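# Notes for the structure review
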Amino acid sequence: AILSTLSTSQLLECVASNDIVTLTRVPGVGKKTAERLLLDLRDRLDQFEVPAAAGDSGAGDVGGTDSRDAISALVALGYKQTEASRAVKSITGKQASTEALIREALRFLAS
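Description of the structure in this document. (Residues numbered from 1 in each chain as written. Predicted model: local features only at pLDDT ≥ 70, side-chain atom pairs only at ≥ 80, totals over all residues. Heavy atoms only, no water.)

Looking now at the pattern of salt bridges. Under the counting rule described, the total for this entry stands at one salt bridge. A salt bridge links Glu-104 to Arg-107, with the shortest nitrogen-to-oxygen separation between them at 2.9 Å. Here the residue Glu-104 and the residue Arg-107 both occupy positions in helix H7 (residues 98-110), the gap between them amounting to three residues, near one helical turn. Residue classification places Arg-107 among the exposed positions, given a relative accessible area of 52%. (Salt bridge = Lys/Arg side-chain N within 4 Å of Asp/Glu carboxyl O. Helix = DSSP H or I, 4+ residues; strand = E, 2+ residues; numbered from the N terminus. Buried < 20%, exposed > 50% of the residue type's maximum accessible area, 1.4 Å probe, protein only.)

Now the structure itself:
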């Protein structure tokens, strides 16, 4: 729900700036949940670098920058490196932005 409402860069900005208000705009996320998300993700933020603007890297660069960013985001969300890599590689062949790769990988991991 969060990634369908906010882009990954917006989510990272929320975590970095401790922005509860923006997170509470996500359907199903109240103040307590937003606070908990910020607390949990803040510790993992140092493992994840803020992605470049959407036009900076080639979309669908499977095995490239977009894939690495997607894997880093999944690891920052608590998935193991091997799980994240497998999920992103399952999307191989699709041309997608980093955000789309993350969404598809999350769907893969949820199934």
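Secondary-structure assignment places Ser-90 in the loop between helix H6 (81-89) and H7. With relative accessibility at 40%, the residue Ser-90 sits in the partly exposed group. Residues Ser-90 and Glu-104 lie 14 residues apart in sequence; the distance between their C-alpha atoms is 9.1 Å. At a separation of 2.5 Å, a polar atom in the side chain of Ser-90 contacts the main-chain carbonyl oxygen of Ala-87. (Polar contact = N/O pair within 3.5 Å; in protein donor to acceptor, adjacent residues only side chain to side chain.)

Let us now look at the side chain of Thr-98. Following the sequence through the fold, Thr-98 ends up in helix H7. Those residues in contact with Thr-98, other than ones at most four positions away along the chain, are Asp-66, Asp-69 and Ala-70. (Contact = heavy atoms within 4.5 Å.)

Time to look at the nonpolar core. Judged by nonpolar contacts, the single largest core of 25 residues is most densely connected at Leu-11, Leu-23 and Leu-74. Not counting chain neighbours up to four residues away, the residues in contact with Leu-74 comprise Tyr-79, Ala-84, Val-88, Ile-102, Ala-105, Leu-106 and Leu-109. (Core = buried A, V, L, I, M, F, W, Y, C linked by side-chain atoms within 4.5 Å.)

Bringing the packing of helix H5 (residues 65-76) against H6 into the picture now. It is the contact of H5 with H6, at a shortest axis distance of 9 Å, that shows an interaxial angle of 140 degrees. Taken together, the axis directions place H5 and H6 in an arrangement best described as oblique. Seen from above, H5 lies across H6 with right-handed handedness. Only Gln-81, Ala-84, Ser-85 and Val-88 of H6 make contact with H5, whose side of the interface consists of Ser-67, Ala-70, Ile-71, Leu-74 and Val-75. Looking at the contact of H5 with H6, its residues break down into six nonpolar, three polar and no charged. (Axes fitted to C-alpha atoms, helices over the stretch in contact; angles between N-to-C directions. Parallel < 35°, antiparallel > 145°, perpendicular 65-115°, else oblique. Left-handed = near helix turned anticlockwise from the far one by under 90°. Nonpolar A, V, L, I, M, F, W, Y, C, P; charged D, E, K, R; others polar.)

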